[in-house]
Amino acid sequence: MKKILTSAFLFCSLIFVYGNNPTLIEKTLKWDTEPVFHTVEDVQLFEIWKFEGAVYDDQHPSLPIFSERFAINNYADIKVTLIDAEYEPFNKKASPDDSFLSEQIEFITEVEKDRKTWNGVVSFIPIIQTGPESFERLVSFKLRIIYNSLPEPYANNRNGNTTTSVLTDGDIFKFAVSESGIHKLDYNFLKDELGIDVDNIDPRNISIYGNGGGMLPEAIDDERQDDLFENAIFVEGEGDGKFDGSDYILFYGEGSDKPFLNTSSNTFNIPKNVYDSKNYYFLKISSDNGKRIASQSSVSGSEHTTSEFDDFIHFEEDKVNLLHDWNQGQGSGRKWFGDLFKVLTENDYSDKFQVNGIVSNAPAKIRAGMAGRIESLTGTGRFRVIANGNTFTSQAFASTPAGPTDQFASEREVSGEFTPGSDAFDINIEFVRGSGSNNEGWLDFIELNFRRNLNLSSSQMAFRDLGTMAYNVSTYNISNVNSNTLVWDITNPLEPKLQDVTLSGSSLSFSANTLGELKEFIAFD
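Here is a short report on the structure shown in this document. (Residues numbered from 1 in each chain as written. Predicted model: local features only at pLDDT ≥ 70, side-chain atom pairs only at ≥ 80, totals over all residues. Heavy atoms only, no water.)

## Focus: the overall build of the chain
Part 1 of the reasoning: Helices and strands together make up the secondary structure of the chain, namely three helices and 38 strands.
Part 2 of the reasoning: Principal-axis analysis of the C-alpha atoms places the extent of the chain at approximately 90 × 70 × 40 Å.
Part 3 of the reasoning: The buried share of the chain, reckoned over its 525 residues, is 42%.
Part 4 of the reasoning: Sequence-distant contacts, at least 24 apart, represent 74% of the contacts inside the chain between residues at least 6 apart.
Part 5 of the reasoning: Within the structure as shown, the chain displays about 27200 Å² of accessible surface, and the carbon and sulfur contribution to it stands at 45%.
Part 6 of the reasoning: Between the mean site of the 45 positive side-chain charges and the mean site of the 79 negative ones, the chain shows a separation of 1 Å. (Helix = DSSP H or I, 4+ residues; strand = E, 2+ residues; numbered from the N terminus. Buried < 20%, exposed > 50% of the residue type's maximum accessible area, 1.4 Å probe, protein only. Contact = heavy atoms within 4.5 Å. Areas by Shrake-Rupley, 256 points an atom, 1.4 Å probe, with all protein chains shown as cover. Lys, Arg positive; Asp, Glu negative; His and termini not counted. Charge placed at Lys NZ, Arg CZ, Asp CG, Glu CD.)

Given below as structure tokens:
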């Protein structure tokens, strides 16, 4: 039934007045002249009538629903009256869904709260049954909506969690970051982008709130932060109580995709955030002093010294939802894919993995995913990853008879280990399509884990070293630095610490407790 719902758009002549009781909604429905038939394996199961803007549910899939959302002042009891209704007979076949119809329109009302705004929702099936196999449908109508204010429902059992947000007081400004790293908020950004009256604030009262990157937990029993966490930040020049033109804020912000250590493969995986490409933080100005970064001393008794670290790159583009582009579907699920492999069956992705300081003789690990649609009796389809001359081949894609209810495509992953042998990565993907002209594939992702030298070749460099976890204390040596280079410990990204370092010429070093804990740092100028 997915194709059937694709063309559902709302057509209406709308007169909409809200804010004062009552609300009047006036609509005209534009019905299709003929029904659409839901078929499976060329067998017609039932007909579906549509009007533009219709929605459907699983209870009565053949019957269209009209639904409208409107603003109200507060939580309320909603009453709906149908007035000036114009019906017309139509030739609808009887179906089991008719048990949901009656001789009059039946309304379903709901009240929702979106942040601080209350909204009402009214829904109904715009069809009445006038006889055993006789039906009429609404063509135009007015809804008179009256709502009586009620006390706002209050959940008094919060299991000890907070009932008051940290954003309930002060002046709040929301901003986004797209990548993890050190972010600088200067005078012009605060004034021009956020609209802050910078000349009349005390920078000591600035706080930044946010809970780090990655997707929010989806399961209700997953552990999560109860409220927004105040992040430790650095504010240059705040001591005089004024935010001057040369002052600025530094803080560590995480992007929307959050990496994690896969202990089974000892590699870092970076799940794609399917909901947003940015992560959001809140700057608050209140009467209280904000949290600032504390210093962290270098420790003694080092057992291990490293001048390398474990790095990773994840390439993934969300371009295509397979069932959306299929002429018998309308899109489904959260899974999206990137480049299409059909006419062109190979592509070079080396430019996505350009990085300095590769340790050429250290093993690198690659992992890639792809979806393939291989029609039955057209041979075998699979894909290959060629990394610096090393070939890794996937298992064969499952074939499909390509019918409307058959599996559309299958997914395969491939992984392997290789030695770069040079200071650059050469990454290619090849799609083996078999003999079918309709066979095609879509790249999902390419993920690379490798070793790099601790050489500050860019403005900032985040680093961690799995090898240090076997030692009580480890020393990190970083080259190509200067007197302005700083190192923050971002093991807890919400509460980073300024790491004390020893500078010697163009190198710096420091030591940290590392036994059983993967420490992460970021060096920047």
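More follows now that the structure is in view.
## Some thoughts on the environment of Val235
Part 1 of the reasoning: Mapping Val235 onto the fold places it in strand β15 (residues 234-236).
Part 2 of the reasoning: Given the relative accessible area of 5%, Val235 is considered buried.
Part 3 of the reasoning: Once the C-alpha coordinates of Val235 and Arg204 are considered, the two residues, 31 residues apart in sequence, prove to be 7.9 Å apart.
Part 4 of the reasoning: Every residue in contact with Val235, bar those within four places of it in the chain, is listed here: Pro203, Phe243, Tyr248, Ile249 and Arg292.

## As for the sheet that holds strand β8 (residues 117-124)
In a beta sheet, neighbouring strands pair by backbone hydrogen bonds and run either parallel or antiparallel.
Part 1 of the reasoning: Read across the open sheet, the three strands follow the order β5-β8-β7; overall the sheet is antiparallel. Edge strands, defined here as strands with exactly one partner in the open sheet, are β5 (66-72) and β7 (108-114). On average, each strand axis in the sheet is inclined to that of its neighbour by 25°, with strand direction left out of account.
Part 2 of the reasoning: As paired strands, β5 and β8 are joined by seven bridges and run antiparallel to one another. Bridging from a neighbouring strand, Ala71 pairs with Asn119 of β8. (Pairing = 2+ DSSP bridges. Axes fitted to C-alpha atoms, helices over the stretch in contact; angles between N-to-C directions.)

## Examining the side chain of Glu254
Part 1 of the reasoning: Looking at the element boundaries, Glu254 is found in the loop between β16 (248-253) and β17 (260-262).
Part 2 of the reasoning: Judged by relative accessible area, which is 9%, Glu254 ranks as buried.
Part 3 of the reasoning: At 2.9 Å, the side chain of Glu254 and the backbone nitrogen of Gly213 are in polar contact.
Part 4 of the reasoning: A polar contact is formed between the side chain of Glu254 and the side chain of Lys258, at a distance of 2.7 Å.
Part 5 of the reasoning: In this structure Glu254 touches Val177, Glu179, Ser180, Gly212, Gly213, Asn279, Tyr281 and Pro493, once residues within four positions along its chain are discounted. (Polar contact = N/O pair within 3.5 Å; in protein donor to acceptor, adjacent residues only side chain to side chain.)

## Topic: empty space enclosed by the protein
Part 1 of the reasoning: Within the structure shown, the criterion is met by one cavity of 30 Å³ or more.
Part 2 of the reasoning: Lining the largest cavity are Glu47, Trp49, Ser62, Leu63, Pro64, Lys92, Ser95 and Ile127. (1 Å grid on protein atoms, 1.4 Å probe; cavity = no way out; pocket = protein on both sides within 12 Å on 5 of 7 lines; lining within 4 Å. Points joined across faces, edges and corners; volume = space filled by probe spheres on them.)

## Here's the deal with the sheet that holds strand β21 (residues 304-306)
Part 1 of the reasoning: The strand order across the open sheet formed by four strands is β21-β33-β37-β36, and the pairing between neighbours is mixed. The sheet is open, and its two edges are formed by β21 and β36 (502-504), each paired on a single side. Strand-to-strand, the axes of this sheet are offset by a mean angle of 25°, without reference to chain direction.
Part 2 of the reasoning: Here β21 runs beside strand β33 (residues 473-479); their pairing, made up of three bridges, is parallel. Bridge assignment links Thr305 to a residue of β33, and that residue is Thr475.

## A short note on the side chain of Glu316
Part 1 of the reasoning: By the element assignment, Glu316 lies in the loop between β22 (308-315) and α3 (322-325).
Part 2 of the reasoning: Among the polar contacts made by the side chain of Glu316, one reaches the side chain of His314 at a distance of 2.7 Å.
Part 3 of the reasoning: Once residues lying within four places of it in the same chain are set aside, the contact partners of Glu316 are Lys272, Asp444 and Phe445.

## A look at unusual backbone geometry
Part 1 of the reasoning: Of note in this structure, Asp84 is not a glycine but carries a positive phi near 50°.
Part 2 of the reasoning: Look at Asp84 and you get exposed, because its relative accessible area is 55%.

## As for the pattern of salt bridges
Pairing of side chains with opposite charge becomes possible as their charged atoms draw close.
Part 1 of the reasoning: Counted by the stated rule, this structure contains 28 salt bridges.
Part 2 of the reasoning: For Glu218, the salt bridge goes to Arg334, with nearest N and O atoms at 2.4 Å. Of this pair, Glu218 sits in the loop between β13 (206-209) and β14 (230-231) while Arg334 sits in the loop between α3 and β23 (340-341), and the two are 116 residues apart along the sequence.
Part 3 of the reasoning: With its nearest N and O atoms 3.5 Å apart, the salt bridge here joins Lys319 to Glu317.
Part 4 of the reasoning: The class of Lys319 is partly exposed, set by a relative accessible area of 47%.
Part 5 of the reasoning: Through salt bridges with shared partners, one network takes in Glu308, Asp310, Arg451 and Asp465. (Salt bridge = Lys/Arg side-chain N within 4 Å of Asp/Glu carboxyl O.)

## A closer look at the nonpolar core
Part 1 of the reasoning: Judged by nonpolar contacts, the single largest core of 31 residues is most densely connected at Phe66, Phe70, Phe124, Ile127, Phe141, Leu143 and Ile145.
Part 2 of the reasoning: Broken down by secondary-structure element, the contributors of at least two residues to this core are β5, β6 (76-90), β8, β9 (127-131) and β10 (134-149).
Part 3 of the reasoning: Judged by nonpolar contacts, the second largest core, of 27 residues, contains Met370, Val385, Phe397 and Ile427. (Core = buried A, V, L, I, M, F, W, Y, C linked by side-chain atoms within 4.5 Å.)

## Here we look at the packing of aromatic side chains
Part 1 of the reasoning: Taken as a whole and assessed by the stated rule, the structure comprises 27 aromatic pairs.
Part 2 of the reasoning: Measuring from centroid to centroid gives 6.2 Å for Phe309 and Phe463, while their planes differ by 65°, and the two rings are edge-to-face. Of this pair, Phe309 sits in strand β22 while Phe463 is found in strand β32 (residues 460-464), placing the two residues 154 residues apart along the sequence.
Part 3 of the reasoning: On the accessibility criterion, Phe309 (0% relative accessible area) is buried.
Part 4 of the reasoning: You can call Phe463 buried: its relative accessible area is 0%. (Phe/Tyr/Trp six-rings, centres within 6.5 Å; stacked < 30°, edge-to-face > 60°.)

## Examining a nonpolar patch on the surface
Part 1 of the reasoning: Nonpolar side chains collect at one region of the surface, where Met215, Val274 and Tyr275 lie side by side and expose about 280 Å² of accessible area between them.
Part 2 of the reasoning: The residue Tyr275 is located in the loop between β18 (267-269) and β19 (279-285) in this model.
Part 3 of the reasoning: With a relative accessible area of 52%, Tyr275 lands in the exposed category. (Patch = residues over 30% accessible without salt bridge, like charges linked within 9 Å, V, L, I, M, F, W, Y side chains within 5 Å.)

## Focus on the pairing of strand β2 (residues 23-28)
Part 1 of the reasoning: Residue alternation in β2 divides its side chains into a buried set, Thr23, Ile25 and Lys27, and an unburied set, Leu24, Glu26 and Thr28.
Part 2 of the reasoning: In the sheet, β2 pairs with β10 via six bridges, with the strands oriented antiparallel. Residue Glu26 lies in a different strand from β10, and its bridge partner there is Lys142.

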